[in-house]
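# Summary of the model geometry
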Amino acid sequence: MEAVLKLQHPNVIRYIAAHAGPITGPAKLSLIMEHCADNFSSTLDWTNQVSLRKKRKPFTKYQNMGLENEYFYNTYVTKEKRWELARNLQLTGRQVKIWHVLETKTSPKNCRVWLI
């Protein structure tokens with residue numbers, strides 16, 4: 001039972017996916033056991049886990065200024081404008097889209113300044 005739980009651990013599964021490839025059956029099991037023999041107890045220890053998330057990279061002042069400037073004129077950005085902003089600010093289209101969604105959600109509607 002304990003061996004089954006250890007083999008289903010996310011770190012072991014990631015290792016299998018990355019290194020074992022098309023190997024199946026007993027050969028795959030022996031490869032897993034060989035790799036994890038010393039680390040079985042530590043793979044289940046939550047304090048030793050390494051995060052696989054990318055580190056947060058905040059936008060530069062130039063990128064923030066470009067996004068805020070566009071938001072000031074257009075609250076909702078079109079696909080073409082999003083691609084243009086992403087290219088000019090060296091961001092992905094998804095980053096621009098998410099920034100606009102969060103900005104729309106967090107900015108109070110009655111506090112916007114309108115140019116006349």
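Structure: see above.
The sections below set out a description of the structure shown in this document.

Moving on, we come to the packing of helix 6 (residues 79–89) against helix 7 (residues 93–106). Look at helix 6 against helix 7: their axes get within 8 Å of each other, and the N-to-C directions meet at 110°. Comparing the axis directions of helix 6 and helix 7 gives the class roughly perpendicular. As helix 6 runs across helix 7, the sense of the crossing is right-handed. Note on element contacts: helix 7 touches helix 6 through G93, V96, K97 and H100, opposite R82, L85 and A86.

Our focus in this paragraph is the side chain of S107. In this fold, S107 is placed in the segment after helix 7. Side-chain polar atoms of S107 contact the side chain of Y71, separated by 2.9 Å.

The next point concerns the environment of V77. Locating V77 in the fold gives a position in the loop between helix 5 (61–73) and helix 6. Taking relative accessible area as the criterion, V77 reaches 18% and is therefore assigned buried. Through-space distance from the C-alpha of V77 to that of V96 is 8.9 Å; in sequence the pair is 19 residues apart. If near-sequence neighbours (up to four positions away) are discounted, V77 is found in contact with R82, L85 and H100.

Counting residues in hydrophobic clusters, the biggest one holds nine residues: L67, Y71, V77, L85, A86, L89, L91, V96 and W99. Put simply, the parts of the chain that give this core at least two residues each are helix 5, helix 6 and helix 7. Among the elements that line this core, the one with the most residues is helix 6, at three residues. Look past the residues within four positions of A86 in its chain and what remains in contact with it is L91, T92, G93 and V96.

About the cut-offs
- Residues numbered from 1 in each chain as written.
- Predicted model: local features only at pLDDT ≥ 70, side-chain atom pairs only at ≥ 80, totals over all residues.
- Heavy atoms only, no water.
- Axes fitted to C-alpha atoms, helices over the stretch in contact; angles between N-to-C directions.
- Helix = DSSP H or I, 4+ residues; strand = E, 2+ residues; numbered from the N terminus.
- Parallel < 35°, antiparallel > 145°, perpendicular 65-115°, else oblique.
- Left-handed = near helix turned anticlockwise from the far one by under 90°.
- Contact = heavy atoms within 4.5 Å.
- Polar contact = N/O pair within 3.5 Å; in protein donor to acceptor, adjacent residues only side chain to side chain.
- Buried < 20%, exposed > 50% of the residue type's maximum accessible area, 1.4 Å probe, protein only.
- Core = buried A, V, L, I, M, F, W, Y, C linked by side-chain atoms within 4.5 Å.

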